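So the chains spell out like this:
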Amino acid sequence: MAGGLALQPFSMPQAYAAGADVIKIAVIGCGGRGTGAVFQAFDTGHNIQLVAMADAFRDRIDKSYKPIFDKYGAEKVNVPEDRKFVGFEGYKEAIKLADVVILAAPPGFRPDHFEEAVKQGKQIFMEKPVATDSAGIRKVLAAAEEAKRKKLNVVVGLQRHYQSNYRETIKQIHDGKIGDIIGGQVYWNDGGVWVNARQPGQTEMEYQMRNWYYFNWLCGDHIVEQHVHNLDVANWVKQSYPVKAYGTGGRQVRTGKDHGEIFDHHSVTFTYADDTVIFSECRHFPGAANRVDESFQGTTGKAYLSAGNHGELTSWKGKSLYSHNRDNNPNPYQVEHDELFAAIVKGEYKFADAENAAKSTMTAILGRYATYTGKVVTWDEALNADINLMPTTLAWDAMPKVLPNADGFYPFAIPGKTQLV
């Protein structure tokens, strides 16, 4: 689950390996993360050209295009008006024009976008999470197998896999430095994120897409959109995925009309096949104590990790077993692209991140199912559930499946009453 394969050649023309031709990229989803990923692709230093952009909204393309063009100019940014694709279906045309695609639209769209990129035989960088429901996970897993068959490099933005303190510390764990893992705790507790208020004249579809974080078909709830990072670390440390989950959650402080249907806190215990329990907590409480990190207990010692480049292993008596050097660690967001494009220019098949990303995303979705229902939910029940949150039709005048009541409030899950359906 650390990302990477034995090196194998793939079919991209050898001119790329020789550095003679430009590598054409397209970005699907032109928000902050998509824009940042384009910057990072250029900053790899390879001969790369942005040739297409796609987003549901024209203003997001414009907002993304300007800083990219201002920094890199016409030589690297070759996106005329007819290659700026607006709407729900433009991603298909943008993908056709590229050798490498960056998939960074809201997560609900990721399964379709990934499936299409694989179908067209493209090298892929896609952001996490990779789906928001069981149907989407099944689609991503199927496309991941096809990507392997076609030897398409796929890197996913679970960037801790590309962060040196995680790589080095978890290698020490897997080498037995603290014995067998018997427990752990993972956290993403902070004050929350942005809200985009409803604007006059917006259809319901546009409103939900502009305020996508608060609707499960688009975001998956914050246990999926954010906490997937920490749950992925737990799976990586355990080298497996949980078999069941039990938890609780709700809406305690984030209860307004603009807050859609998602919870503001989740607490889950995930049980693995060897009966190891990982405790998971994520919440969005403004003004409360923040915590974003991971701790694990082994038979002979314990581990502490965080995105702040911490990586500490100690014995149960307090003796230091390993301490990661936090100085001058490279930016993992950049490393993702450095390593992906290095493989591409060498003609190497090296990365197959999609399967693990789908299963770690499924871990987070399993947690959501457990907190929404208040019941014990097994992995198999969750993965095979007949749950597809996507609207039947994607159009500006079409209706999503979750709609507000007459007072403008959206229905939300009630543990103990909500059923897994």
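Residues numbered from 1 in each chain as written. Predicted model: local features only at pLDDT ≥ 70, side-chain atom pairs only at ≥ 80, totals over all residues. Heavy atoms only, no water.

Where an unreviewed UniProt entry is consulted, the chain appears under the name Oxidoreductase, with the organism given as Mariniradius saccharolyticus AK6.

### Observations regarding the packing of aromatic side chains
The final tally for this structure, using the stated rule, is 17 aromatic pairs. Of note, Arg198 hangs over the ring of Tyr207, and the distance from its end group to the ring centre comes to 3.8 Å. (Phe/Tyr/Trp six-rings, centres within 6.5 Å; stacked < 30°, edge-to-face > 60°. Lys NZ or Arg CZ within 6 Å of the ring centre and 35° of its normal.)

### Focus on the pattern of salt bridges
Counting across every chain of the model gives 23 salt bridges. Put simply, Arg58 and Glu81 hold a salt bridge, and the shortest N to O gap is 2.9 Å. Of the two residues, Arg58 is situated in helix H3 (residues 58-76) and Glu81 in the loop between H3 and strand S4 (84-86); the sequence distance between them amounts to 23 residues. The partner of Lys128 in a salt bridge is Glu225, with the nearest N and O atoms 3.1 Å apart. Taken together, the residues Lys128 in the loop between strand S6 (123-126) and helix H6 (134-150) and Glu225 in helix H9 (residues 222-225) connect sequence positions 97 residues apart. You'll find Lys128 and Glu225 in the same group, each marked buried. (Salt bridge = Lys/Arg side-chain N within 4 Å of Asp/Glu carboxyl O. Helix = DSSP H or I, 4+ residues; strand = E, 2+ residues; numbered from the N terminus. Buried < 20%, exposed > 50% of the residue type's maximum accessible area, 1.4 Å probe, protein only.)

### Focus: the domain arrangement of the chain
Per the domain assignment, the segments of the chain are domain 1 (23-159) and domain 2 (163-329 + 352-384). Counting residues at the interface gives 31 residues for domain 1 and 31 residues for domain 2. When the two sides are added together, the surface that domain 1 and domain 2 hide from each other amounts to roughly 2,500 Å², 65% of it contributed by carbon and sulfur. Three residues, Phe57, Thr132 and Leu158, lead the burial of domain 1 against domain 2; their summed loss comes to 22% of the area buried on that side. Here domain 1 is connected to domain 2 by three salt bridges. In this assembly, domain 1 and domain 2 are joined by 14 residue pairs in polar contact (both at pLDDT 80 or more). Listed by contribution, the elements that provide at least two residues to the side of domain 1 that touches domain 2 are H3, H6 and strand S7 (154-156). Per-element tally for the side of domain 1 that touches domain 2: the top contributor is H6, with eight residues. (Domains from an automatic or database assignment. Contact = heavy atoms within 4.5 Å. Buried area = accessible area lost by both parts, 1.4 Å probe. Polar contact = N/O pair within 3.5 Å; in protein donor to acceptor, adjacent residues only side chain to side chain.)

### Regarding unusual backbone geometry
Looking along the chain, the bond that leaves Lys128 and enters Pro129 is cis, with omega of -25°. Relative to the helices and strands, Pro129 is located in the loop between S6 and H6. Its identity as a non-glycine residue notwithstanding, Lys151 has a phi of 55°, on the positive side. Among the secondary structure elements, Lys151 is positioned in the loop between H6 and S7.

### Regarding the sheet that holds strand S3 (residues 48-55)
Taken together, the six strands give an open sheet; going across it, the order is S4-S3-S2-S5-S6-S7, and neighbouring strands pair in parallel fashion. A strand with exactly one partner marks an edge of an open sheet, and here the two such strands are S4 and S7. In this sheet, neighbouring strand axes are inclined to one another by 15° on average, regardless of whether the strands run parallel or antiparallel. As judged from the three bridges shared by S3 and S4, these two strands associate in the parallel manner. Across the sheet, Ala54 pairs through a bridge with Phe85, a residue of S4. Across the sheet, helix H5 (residues 110-119) lies against strand S2 (23-28), strand S5 (100-103), S6 and S7, angled at about 165° from S6, the strand it touches most. Contacts from helix H11 (residues 332-345) reach S2, S3, S5, S6 and S7 within the one sheet, and its direction differs from that of S6 by about 175°. (Pairing = 2+ DSSP bridges. Axes fitted to C-alpha atoms, helices over the stretch in contact; angles between N-to-C directions.)

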